[in-house]
Amino acid sequence: MFSSLSFAARVAFTLAGALAAALACVALHTPLPWMLGPLLATAVLSMAGAPTDSAAPLRNAGQWTIGAVLALYFTPEVTALVAGLWWAVVLGIAWALLLGWAFGAWLYRMHAPRMHGVPAPMMRATSYFAGAIGAASEMTLLAEREHARTDLVAASHSLRLLIVTVSIPFALQYGGLADLTGPIGTGGARNLLAPALRAVQPAGLALLVALTGVGALLMRRLGRANPWFIGALLVSMGLTMAGITLSAVPQALVNAAQLVIGVSLGVRVRREFLRPAPR
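All values reported here derive from a predicted model rather than from experimental measurement.

Student: Which residues make up the overall build of the protein chain, and what values go with them?
Tutor: Of regular secondary structure, the protein chain possesses 12 helices and zero strands. For the protein chain, the residues scored as buried account for 42% of the 279 residues in total. The contacts in the protein chain between residues at least 6 apart in sequence include a share of 76% that link residues at least 24 apart. Here the protein chain displays about 14900 Å² of accessible surface, and carbon together with sulfur accounts for 72% of that area.

Structure (structure tokens):
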């Protein structure tokens, strides 16, 4: 019955369910209601066999929006503070690379003997990218370039994302740190911005959209991973670091961006996802 639905109908059905879940989470005052509600609802519907689907252009627009919003926090003052802690940033990168390598080595040692028929180089690449600390889409793309099992890499990171995005926000909220959950949280962190960065200026917003869009398209042209997020982030960050204030991003647009990103993660959790994901 569901197989006869068009792609547009499946996307509309998914968005309607995601919106209902987001509004319910808002009413319940849960952390990250516009992302966690859609993510969990879409995941449950997908595992139940419902006709869920995600539109790539909507996901890209969501990543574009969040990238531009996050960069508004990189004011000259924050930039100076981060620059003074460059050694901590370098240590964090080194630690993440080492930890990811260790996880990948453990996965290969534990599970490669059970993967009959899978060549050793493919299994090594699969284990490495499944254990690496990075975003799901980037790790899956890099795994594909190295001829790894992208289905297992995507399953691993999707499960990790599901655990992290559910557990961490709740821990922050009930640990008394709700105001530090960022611009994609309940909105409390938005008050940490200067008043000029909280005001929506129509002309400035239009220019911000245009400039970050050019950045995203350039990253896409260069073949960079996750270009819509990284391109928008870099352009918006450059403007903010230079002290150029164009406009804030309307909260309604931020909420919509979280919703479509939550949907894009939730649709990955299909019934077949449950077989490879646990190990």
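Okay, back to it.
Student: A description of unusual backbone geometry should follow, citing residues and the corresponding values.
Tutor: Despite not being glycine, His29 shows a phi value in the positive range, around 60°. One can find His29 in the loop between α1 (7-28) and α2 (33-47). With a relative accessible area of 61%, His29 lands in the exposed category. With a phi angle near 60°, His147 is a residue other than glycine that sits in the positive phi range.

Student: Summarise helix α5 (residues 86-111); cite the residues concerned and give the values.
Tutor: Here α5 contains 26 residues, and its C-alpha end-to-end distance of 38 Å stays within 8% of the 38 Å for a straight helix at 1.5 Å per residue. Tucked inside the fold, the buried residues of α5 contact α6 (120-131).

Student: Tell me about helix α12 (residues 251-266), and please be specific about residues and values.
Tutor: The first and last C-alpha atoms of α12 sit 22 Å apart over 16 residues, in line with the 22 Å expected at 1.5 Å per residue. With 12 of its 16 residues buried, α12 lies for the most part within the structure. What α12 keeps buried is the set Val254, Asn255, Ala257, Gln258, Leu259, Val260, Ile261, Gly262, Val263, Ser264, Leu265 and Gly266.

Student: So what's going on with the pattern of salt bridges? Which residues, and what values?
Tutor: All told, the structure shown has one salt bridge when counted by the stated rule. With a shortest N-O distance of 3.0 Å, Arg10 and Asp53 are connected by a salt bridge. Placement of Arg10 in helix α1 and of Asp53 in the loop between α2 and α3 (56-70) is noted, with a sequence separation of 43 residues between them.

Student: Pulling in residues and values, what's your account of the confidence of the model for the protein chain?
Tutor: The pLDDT averaged across the protein chain works out to 83; a share of 87% of its residues lies at or above 70. A low-confidence stretch, residues 181-188 (pLDDT under 50), is modelled with 20 contacts involving residues beyond four sequence positions or located in other chains.

Student: Give me the nonpolar core: which residues, what numbers.
Tutor: Ile66, Leu208, Leu233, Val249, Val254 and Leu265 are the most contacted members of the largest nonpolar core, which totals 18 residues. Secondary structure elements with two or more residues in this core: α2, α3, α11 (227-241) and α12. In this view, Leu265 contacts Met35, Leu39 and Leu161; residues no more than four positions away in its chain are not counted.

Student: Help me get a handle on the environment of Met123, residues and values and all.
Tutor: Tracing the backbone through its elements, the reader meets Met123 in helix α6. Separated by 15 residues in sequence, Met123 and Tyr108 place their C-alpha atoms 6.9 Å apart. Beyond its immediate chain neighbours, meaning those up to four positions away, Met123 contacts Tyr108, Ala112, Met115 and Val118.

Student: Tell me about the packing of aromatic side chains, and please be specific about residues and values.
Tutor: Enumeration according to the criterion identifies two aromatic pairs in this entry. Ring geometry for Trp64 and Trp228: centres 5.7 Å apart, planes at 40°, overall tilted. Of this pair, Trp64 sits in helix α3 while Trp228 is found in helix α11, placing the two residues 164 residues apart along the sequence. Note on Trp64: relative accessible area 24%, which makes it partly exposed. Under the relative-accessibility criterion, Trp228 is labelled buried at 14%.

The rules behind the values
- Residues numbered from 1 in each chain as written.
- Predicted model: local features only at pLDDT ≥ 70, side-chain atom pairs only at ≥ 80, totals over all residues.
- Heavy atoms only, no water.
- Helix = DSSP H or I, 4+ residues; strand = E, 2+ residues; numbered from the N terminus.
- Buried < 20%, exposed > 50% of the residue type's maximum accessible area, 1.4 Å probe, protein only.
- Contact = heavy atoms within 4.5 Å.
- Areas by Shrake-Rupley, 256 points an atom, 1.4 Å probe, with all protein chains shown as cover.
- Expected span 1.5 Å × (residues − 1).
- Salt bridge = Lys/Arg side-chain N within 4 Å of Asp/Glu carboxyl O.
- pLDDT = per-residue confidence, 0-100.
- Core = buried A, V, L, I, M, F, W, Y, C linked by side-chain atoms within 4.5 Å.
- Phe/Tyr/Trp six-rings, centres within 6.5 Å; stacked < 30°, edge-to-face > 60°.

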